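Here is what each chain is made of, one letter per residue.
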Amino acid sequence: MMFLFLCRSSDYGSTYSKLNDKVGSRTVLSYLYVCPTNKQKIMMLSDPEVESAVLISSDEGASFEKYPINFNILSLLFHPAQENWILAYSHDGKLYSSMDFGRKWQLVHDNVMPGRFYWAVMGLDRESDVVHIETRIAKGRAQYVKCRAQRCTEGNKLYLFPGYVDTNSMVVQDEYVFTQVTKSGRASYFVSYMRESFKRMKLPKYCLPKDMHIISTDEKQVFAAVQEWNQNNTYSLYISDSAGVYFTLSLENLRTSRGPAGNLLVDFYKVEGINGMYLANKLLDSHVKTFITYNKGQTWALLPAPVADVAGNNLHCILPFCSLHLHLEMSENPYTSGPITSKKSVPGIIVASGNIGTELSSTNLGMFITSDAGNSWRQVFDEEHNVWFLDNGGALLAVLHSPTPIRHLWISLDEGKKWDRHSFSLAPLYVDGVLMEPESDNHIITFFGHFSHRSEWQLIKIDYKGLFSRRCMDGDYQTWQLHNKGELCVMGEKQIYMKRRPGNRCMLAQDYSRIYSSEPCLCTAYDFECDYGWERQTNGMCSPAFWFNPNGVAKSCSTSQSFLNSTGYRKVLSNNCKEAGRNVYSPKRQACRPRSPRGLRLSTSHGELSSTVGSNVTFMLYLDDGDSLKTSIQLDFGDGIKIIYSNLSRTDDGIGHIYRATGIYRVTAMAENSQGSDSSILFLHITSPVERVYLSAPIVAIRGKEVNLTAVVWPSHTRTLTFFWWFHNSSEPIITLEGSVSYTFQKGGNNKVTVQVASGSIILQDSKVLTVKEFFRSLLLSFSPALDEHNPDIPEWREDIGRVVRTALSQVSGVSEDQLLVSLYPGLPSTAELFVLPDEHTSTENRKGGEEALDRILDIFVTALNQGLIQFELKADIRIVVYMTQQTLAPLVDSNSIHSGSAMLLLLTVVLVGLGAFFIYKFKRKIPWIHVQTEDSREKDPEVISTVGQNDNMSKVKLSEFPSPKELMEKELEARSSGGIGRNMERIVTREFPNCTNV
């Protein structure tokens, strides 16, 4: 393991002292943080692979205290005002808070998305210890949670956005909170302004955004980069109103790129010190060109190129065919200046790297400077340099941006007109960066780098105070007037600035006033943005877009009796122009005219059409047109509950409802006033999580005969599930909305059936293997009562008991286990069915012999079961005896419910006992009773007796026409040889005994 030295300097790098002894000689450090509100407080993190601890200093690193922690810190976020308050994000997605600068930590929340946590914004959040958090709920889903850092319990959490949001979408910035919800592949964007309720952000109707990034929220306005439906590598710039809701297009096809972490980088730059001035790189006719605006994006123009190059040669670059193009991306290295720089303390001066020609290039770069806010430019270097402002902007420092070592720097005191070269090192140095303390009165800069790739870091301190002879006085300043190509009114006013006279070697005062005077101008069309739904025409005027109806009731009409009707213009924020005479551009107040409600829309708050039983579903209502104050709302939830509101404005926060049962509900909203009505309908699926699914199916079926299969789901659902039935090796399933299906197997042998049940994103399945034969025999089995006491009623237990019984039957009879199948039914009492299958060598031609062989085997089992010879040991002291309950013709599996086997057994037992007693009396002998359901004769003869049945739909037969027991048994055997059950038996009985329709 390699140990690094930690050194500290208190004299701007003149001397250093080692701190390893103060933090522990064996301590391995990973990160160092300086409190942004108190530079004396420092926190260092130890390497988590060695130990988890924080080292805290309150005296600028002169001493440290170590505090162990029980989590690994990934990042820290300091409070913007309280120096001791810190949020820490751990490697496992948990957020912790400390109110004593890291000495004690408390868990705030788990499942927090990385980088999606924010401290309160002072003046907006009621409590300063509020934390805004995005918490992950499921894949692609998150929630916006607001709570206090040390009291983030469930009862104290606020869920301010109604529903789920997309992961990694929440942004808290100044007065705004942004989030995103994707539904059916289309994203919707929401904003909360001044911590009020969320509203959907309105982009032009056919913008159809694929992606959105917030660029800036300066001056209570949102700048957003939006990738429209027809854009791939470019984004468009949109600008909002003060609430961040209504957006209008400013500039199309901005150039973008991706940073090392995959983050979006937009070529858009705000010029410091000049209100409303921005630079942007736009893709135009397959060429990237640099544009400038002086009125917050209302008009854009190409940059004029310098008249001459750095050597004084005339460039002959004429607009619009040739212009100046600048690189606007931010530097990835915080210790370099980046390709462009400006400073608030020296308004009008911009230094940037770029090129002259038809488009932006990455080769043949030079350095260019403007002293009059972009109206004219000069080339100062023919190679790329890093440039910093010194002395509050009064001097410029330039260092060659070079992969080779250098030893010279350049200083200018006259806005880049003249540059003096100075040596800062005796030997050439690979410069990695420059350190300086911004916004301070010291004049120290420190170069750090290395002499070779194998050498240690070198620190070179430079004090440039000697460049100046004194402090600047009033006579050292001059004025200059801001203009836009000669137009003196910029952002609605004439502005005159102060700056130091070029060449004066005096130090600027940090607090001197930069603006000398300002005077408002009369408003023009370009002091206004086109309002939402309006577009700028070539003559500079705003007219409605084809999709926008300017006669619709304005958005503000929902809260008062009048509204401000837009004229199509919206004053640019921070613009100070004054309207003279008639206010041509400002909106006009008009009374709300009575209108019938139109465009009523009903949706859920999270945009989904499904929810779970017992959860609170919030319905949102939107009305495109109509007087909402005089429009009543009726909402029918579809479950027998209705609610009525006197006006639409009372539903702004949504209407909550809880459904108590699963199903598909027709939810209807009706808006009505004296002028008319409108309605909206949605169908809401209420489900509950599917816990289990059981496939109820016979384990043996006859080839060519229809079989009923049933999927039983816990808990039960109503019309909210989809069933997928897979047979054999089929590539396509049978899809049903009901939990049962009939199927005919045409292939003998083992056939696997799988049913999948889909409930939302949850899919469960169960499978069964059915043995398909031409014929078979079966017996219904019961067990000693002790088996019920140990029956957990799970499939695995039933399979094991069936296997044990099959083995016991095989041992007693000598019949191969391959010919035996034993299936236990779910539920109590414990019952089973024994299936005797034909030998696999039995041919179709010898079917009769095969059936006779099965009858002989069946007789052997009947004898053994009646004599109690079939037993097995369940436990050491518990022995289970298997009995024959009833000989059957086919599997007695009820496909409607997995618990109905025992009910069927009980019903048949009661009926059989009654009928058995009757025939003992009538025929004085025991015979098996055969129950075959056929067509209803509905005879009304007093000599007729009812057969087995639950209602009047069962057929009847006269006693005088009833077949003898012997005849009946002979026909039973014939029916078995014909295939067993159902219609074969029905045809035999009907054919031989025409007056007997149900036996």
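Residues numbered from 1 in each chain as written. Predicted model: local features only at pLDDT ≥ 70, side-chain atom pairs only at ≥ 80, totals over all residues. Heavy atoms only, no water.

Which entries qualify depends on this criterion: UniProt positions are given in the numbering used here, feature names are shortened, and annotations may be inferred rather than shown by experiment.
The name an unreviewed UniProt entry gives the chain is PKD domain-containing protein, with Champsocephalus gunnari as the organism. The annotation that UniProt attaches to the chain under Sequence similarities (unreviewed entry) is "Belongs to the VPS10-related sortilin family. SORCS subfamily."

## Quick look at the overall build of the chain
Inclusion rule: Each helix is a run of DSSP H or I of at least 4 residues and each strand a run of E of at least 2, with the numbering of both proceeding from the N terminus. Note on definitions: a residue-residue contact is assigned when non-hydrogen atoms from the two residues lie within 4.5 Å. Note on areas: Shrake-Rupley, 1.4 Å probe, and residue coverage restricted to the protein chains presented here.
Of regular secondary structure, the chain possesses seven helices and 74 strands. Sequence separation of 24 or more characterises 50% of the internal contacts of the chain that already satisfy a separation of 6 or more. For the chain, the computed accessible surface area is about 50,000 Å², with 50% contributed by carbon and sulfur atoms.

## A look at the state of the cysteines
Stated formally: Whenever a pair of cysteine sulfur atoms sits within 2.5 Å, that pair is classed as a disulfide. Here the term buried applies to any residue with accessible area under 20% of the maximum for its type, exposed to any over 50%, and partly exposed to those in between, with areas from a 1.4 Å probe on protein chains only.
Applying the stated criterion across every chain yields a total of six disulfides. Shown here is the disulfide that connects Cys472 with Cys506, its sulfur atoms set 2.0 Å apart. Between Cys472 and Cys506, the S-S dihedral sits near 90 degrees, and the bridge is therefore right-handed. One end of the pair, Cys472, is in the loop between strand E40 (470-471) and strand E41 (477-481); the other, Cys506, is in strand E44 (residues 506-507), and 34 residues separate them in sequence. By relative accessible area, Cys506 is classed as buried at 0%. The residue that forms a disulfide with Cys523 is Cys577, at a sulfur-sulfur distance of 2.0 Å. Its S-S torsion of about 90 degrees marks the bond between Cys523 and Cys577 as right-handed, since a negative value means left-handed. Here Cys523, found in the loop between strand E45 (515-520) and strand E46 (528-530), pairs with Cys577, found in the loop between strand E50 (569-571) and strand E51 (588-591); they are 54 residues apart in sequence, far enough to count as distant. Look at Cys523 and you get buried, because its relative accessible area is 15%.

## Some thoughts on the nonpolar core
Applicable threshold: What is meant by a nonpolar core is a set of buried Ala, Val, Leu, Ile, Met, Phe, Trp, Tyr and Cys residues, joined one to another through side-chain atoms within 4.5 Å.
The biggest cluster of nonpolar side chains holds 32 residues, and the ones touching the most others in it are Phe161, Phe178, Met201, Leu203, Met212, Val226 and Phe247. Within the residue set of this core, elements represented by two or more residues are strand E13 (141-148), strand E15 (171-173), strand E16 (176-183), strand E17 (186-193) and strand E20 (223-227). A per-element tally of this core places E17 first, with five residues. When near neighbours in sequence (up to four residues on either side) are disregarded, Val226 contacts Leu203, Cys207, Pro209, Asp211, Met212, Gln231, Tyr235, Ser236 and Tyr238.

## Some points on the environment of Lys210
As a reminder of what qualifies: Each polar contact in these results corresponds to two N or O atoms within 3.5 Å; when the atoms are within protein, one needs to be able to donate a hydrogen and the other to accept it, and residues that are neighboring in sequence are counted only if both atoms are side-chain atoms.
Within the element layout of this structure, Lys210 appears in the loop between strand E18 (199-200) and strand E19 (211-216). Expressed as a C-alpha distance, the spacing of Lys210 and Glu228, which sit 18 residues apart in the sequence, is 5.7 Å. Setting aside chain neighbours within four positions, we find Lys210 in contact with Tyr189, Gln227, Glu228, Trp229, Gln231 and Asn232. Polar side-chain contacts of Lys210 include one of 2.6 Å to the backbone oxygen of Gln231.

## A look at the pattern of salt bridges
Selection rule: Between Lys or Arg on one side and Asp or Glu on the other, a salt bridge is scored when a side-chain nitrogen of the former is within 4 Å of a carboxyl oxygen of the latter.
Summed over the entire model, instances satisfying the criterion amount to 24 salt bridges. Here Asp855 makes a salt bridge to Arg777, at a shortest N to O gap of 2.7 Å. Taken together, the residues span a long stretch of sequence, with Asp855 in helix H4 (residues 847-866) and Arg777 in strand E68 (residues 777-783) at a distance of 78 residues. With a relative accessible area of 23%, Asp855 lands in the partly exposed category. The closest approach of N and O atoms between Arg803 and Asp800, which form a salt bridge, is 3.4 Å. A residue pair is termed a helical-turn pair when its members lie 3 or 4 positions apart in one helix, as Arg803 and Asp800 do in helix H3 (residues 795-813) at three residues. Accessibility expressed as a relative area gives 39% for Asp800, which makes it partly exposed. Through salt bridges with shared partners, one network takes in Asp125, Lys146 and Arg195.

## What about the environment of Ser615?
Looking at the element boundaries, Ser615 is found in the loop between strand E53 (610-612) and strand E54 (616-625). Ser615 sits in the partly exposed class, given a relative accessible area of 22%. When the C-alpha atoms of Ser615 and Tyr659 are compared, they prove to be 7.2 Å apart, with 44 residues separating the residues in sequence. Ignoring any residue separated from it by four or fewer positions in sequence, one finds Ser615 in contact with His657, Ile658 and Tyr659.

## Considerations on H3
Worth spelling out the cut-off: Each residue after the first adds 1.5 Å to the expected span of a helix.
Between the first and last C-alpha of H3 there are 27 Å, a value that for 19 residues agrees with the 27 Å anticipated at 1.5 Å per step. Of the residues flanking the end of H3, it is Gly814, one or two places downstream, whose phi is positive at about 80 degrees.

## With respect to the packing of aromatic side chains
Rule in force here: Any Phe, Tyr or Trp ring, taking Trp's six-membered ring, that has another such ring centre within 6.5 Å forms a pair; planes under 30 degrees apart are called stacked, those over 60 apart edge-to-face, and the others tilted.
All told, the structure shown has 37 aromatic pairs when counted by the stated rule. With centroids separated by 3.8 Å and ring planes inclined at 10 degrees, the aromatic side chains of Phe71 and Tyr96 adopt a geometry described as stacked. Of this pair, Phe71 sits in the loop between strand E6 (65-68) and strand E7 (73-78) while Tyr96 sits in strand E9 (residues 95-98), and the two are 25 residues apart along the sequence. For Tyr96, a relative accessible area of 11% corresponds to the buried category.

## A look at the sheet that holds E18
Rules: Two strands pair if DSSP finds at least two bridges between them.
Here we have four strands laid out as an open sheet, ordered E15-E16-E17-E18, and antiparallel in their pairing. In the strand order of this sheet, the two ends are held by E15 and E18, each with one partner. One ladder, built from three bridges, connects E15 with E16; its direction is antiparallel. Bridging from a neighbouring strand, Gln173 pairs with Tyr176 of E16.

## As for unusual backbone geometry
A cis geometry characterises the amide bond from Trp714 onward to Pro715, with omega recorded as -15 degrees. You can see Pro715 is positioned in the loop between strand E62 (706-714) and strand E63 (722-727). Along the chain, Leu828 connects to Pro829 via a cis peptide bond; the corresponding omega equals -5 degrees. When you line up the elements, Pro829 lands in the loop between strand E69 (820-824) and strand E70 (831-836).

## Thoughts on the side chain of Thr687
Counting through the fold element by element, Thr687 comes out in strand E59 (residues 676-687). You can call Thr687 buried: its relative accessible area is 14%.

## With respect to the confidence of the model for the chain
The condition is simple: Per-residue confidence from the predictor is reported as pLDDT, which spans 0 to 100.
Within the chain, residue pLDDT values average 84, and 86% of them lie at 70 or more. Under a pLDDT of 50 for its full length, residues 887-999 has, in the predicted model, 166 contacts with residues more than four places off or in other chains.

## Quick notes on the side chain of Lys282
Under the convention used in this document: Under the counting rule used here, the positive set is Lys and Arg, the negative set is Asp and Glu, and His together with the chain ends is not counted.
Mapping Lys282 onto the fold places it in strand E25 (residues 278-284). Buried within the structure, Lys282 lacks any salt-bridge partner; its nearest side chain of opposite charge belongs to Glu252, at an N-O separation of 5.3 Å. Residues within four places of Lys282 in sequence aside, it is in contact with Leu251, Glu252, Asn253, His287, Val288, Lys289 and Phe291.

## A closer look at H4
To be explicit about the condition: Note that the arc is computed from the directions linking the helix axis to the C-beta atoms.
The end-to-end C-alpha separation of H4 is 28 Å, in line with the 28 Å expected for 20 residues at 1.5 Å each. The set of residues buried in H4 consists of Gly850, Glu851, Leu854, Ile857, Leu858, Phe861, Val862, Ala864 and Leu865. For H4, the arc enclosing every buried residue in end-on projection is 165 degrees, short of the 170-degree limit, so these residues lie on one face. For H4, exposure combined with an orientation more than 90 degrees from the buried face picks out Lys848 and Asn866. Following H4 by one or two positions, Gly868 adopts a phi angle in the positive range, close to 70 degrees.

## Examining the sheet that holds strand E37 (residues 430-436)
Pairing between the strands of a sheet comes from backbone hydrogen bonds, and it takes one of two forms, parallel or antiparallel. Heads up, the condition is: Between the N-to-C directions of two axes lies an angle of 0 to 180 degrees, each axis being a line fitted to C-alpha atoms and, for a helix, fitted only over the stretch in contact.
Within the open sheet, the three strands sit side by side as E37-E38-E39. Their pairing is antiparallel. In this open sheet, the two edge strands, each paired with only one partner strand, are E37 and strand E39 (457-463). Ignoring which end each strand starts from, the neighbouring axes of this sheet average 25 degrees apart.

## Quick notes on the environment of Arg195
Tracing the backbone shows Arg195 in the loop between E17 and E18. Each C-alpha atom of the pair Arg195 and Arg126 lies 9.7 Å from the other, and the pair is 69 residues apart in sequence. Beyond its immediate chain neighbours, meaning those up to four positions away, Arg195 contacts Val121, Leu124, Asp125, His132, Val172, Asp174, Glu175, Tyr176 and Val177. A polar atom in the side chain of Arg195 sits 3.1 Å from the side chain of Asp125.

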